Amino acid sequence: MPGSERPDGGAVPVGDAGSAGEVDDVARAVLTASRLLVAVSARSLDEVEDRITLPRFRMLVVLSTRGETKLVVLAELLQVAPSTAMRMVDRLIAAGLADRRVNPDNRRETLLTLTEEGRQVVDRVMARRRQEVTKIVRRLAPVQRASLIEALTAFGEAGGEPPALTPEETPVRPTGAADLPV
């Protein structure tokens, strides 16, 4: 019987996709968790809120995870128009958090990267966010944690979001190497 594929590679038969009520219950739970995560994200930006908004921080995170990136690719990843992405980049450059250069292989393209200060901001904000999420997760029973890992991993994969790096997986960059690809 044809079906969609589960994150673990198994097939979900079409008839077993879940009732509309079940899907609504999942959507409600995800939206509730989303509100909590947005609040955690906003609080994690408290120390830099005078310099950076949540959308601009998202841009910094994308640059942090992808390394040097073309403006048009960055705009696509953020799902904004290239002109909007350029205005965001201009503000990040003015704040000393990002830099741009002409692509030596195609002079019509702009390449964007984090400055060392931008990388430090991302690292500090993400560490603060991780601490707050860890406090919340510790309130869950071990069996709930295991279920949450499975559910959120599948949710992230279904949405096409790459997994977050653990502190141990974060690349170590030599001082002054902010322009190196990640």
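Described below are features of the structure shown in this document. (Residues numbered from 1 in each chain as written. Predicted model: local features only at pLDDT ≥ 70, side-chain atom pairs only at ≥ 80, totals over all residues. Heavy atoms only, no water.)

Within the protein chain, the regular secondary structure consists of six helices and five strands. Going residue by residue from the N terminus, the α and β elements of the protein chain occur as β-β-α-α-β-α-α-β-β-α-α. A buried classification covers 24% of the 182 residues belonging to the protein chain. Long-range pairs, those at least 24 residues apart, make up 55% of the contacts in the protein chain between residues at least 6 apart in sequence. (Helix = DSSP H or I, 4+ residues; strand = E, 2+ residues; numbered from the N terminus. Buried < 20%, exposed > 50% of the residue type's maximum accessible area, 1.4 Å probe, protein only. Contact = heavy atoms within 4.5 Å.)

What follows concerns the sheet that holds strand β4 (residues 98-103). On the basis of which strands lie adjacent, the open sheet formed by three strands has the order β3-β5-β4 and antiparallel pairing. Strands at the two margins of the open sheet, each flanked by one partner only, are β3 (69-70) and β4. Where β4 and strand β5 (residues 106-114) come together, six bridges link them in antiparallel fashion. What sits directly across from N103, in β5, is N106. (Pairing = 2+ DSSP bridges.)

Relative to the helices and strands, R56 is located in helix α2 (residues 54-66). The exposure class assigned to R56 is buried, which follows from its relative accessible area of 18%. Beyond its immediate chain neighbours, meaning those up to four positions away, R56 contacts R51, M88, R91 and L92.

It is worth spelling out α2 at this point. Relative to the 18 Å expected for 13 residues at 1.5 Å per residue, α2 spans 18 Å between its end C-alpha atoms, a close match to the ideal helical length. Listed as buried for α2 are R56, F57, M59, L60, V61, V62, L63 and S64. The inward-facing, buried residues of α2 abut β3, α3 (71-78), α4 (82-94), β5 and α5 (116-137). (Expected span 1.5 Å × (residues − 1).)

Before going further, it helps to examine the nonpolar core. With 24 residues, the main nonpolar core has I52, F57, M59, L60, L74 and L92 as its most contacted residues. Elements that contribute at least two residues to this core include exactly α2, α3, α4, β5 and α5. The element that contributes the greatest number of residues to this core is α2, accounting for six residues. Not counting residues up to four positions away in its chain, the partners in contact with I52 are L45, F57, L60, L92 and L97. (Core = buried A, V, L, I, M, F, W, Y, C linked by side-chain atoms within 4.5 Å.)

What follows concerns the pattern of salt bridges. Inspection of the entire model under this criterion finds seven salt bridges. Between D25 and R28 there is a salt bridge; the shortest N-O distance is 3.0 Å. Separated by three residues within a single helix, D25 and R28 lie in helix α1 (residues 20-44), roughly one turn from each other. Across the pair D46 and R128 runs a salt bridge, and its minimum N-O distance is 3.8 Å. Here the residue D46 occupies a position in the loop between α1 and α2, and R128 occupies one in helix α5, the gap between them amounting to 82 residues. The exposure class of D46 is partly exposed, given its relative accessible area of 38%. Judged by its relative accessible area of 31%, R128 is partly exposed. (Salt bridge = Lys/Arg side-chain N within 4 Å of Asp/Glu carboxyl O.)

Next up on the list: the packing of α3 against α4. Interhelical geometry of α3 versus α4 gives an angle of 105° and a closest axis separation of 9 Å. What the angle tells us is that α3 and α4 run roughly perpendicular. Of the residues in α4, those touching α3 at L71, L74 and A75 are P82, A85, M86 and V89. Taken together, the residues that form the contact of α3 with α4 break down as seven nonpolar, no polar and no charged. (Axes fitted to C-alpha atoms, helices over the stretch in contact; angles between N-to-C directions. Parallel < 35°, antiparallel > 145°, perpendicular 65-115°, else oblique. Nonpolar A, V, L, I, M, F, W, Y, C, P; charged D, E, K, R; others polar.)

Here we come to α5. An ideal rise of 1.5 Å per residue puts 32 Å on 22 residues; α5 measures up with 31 Å between its terminal C-alpha atoms. Residues of α5 that are buried: G118, R119, V121, V122, V125, R129 and E132. Considered in projection along α5, the buried side chains sweep an arc of 160° and stay on one side of the axis. Along α5, exposed side chains directed more than 90 degrees from the buried face belong to Q131 and K135. Elements in contact with the buried residues of α5: α1, α2 and β5. (Arc of directions from axis to C-beta.)

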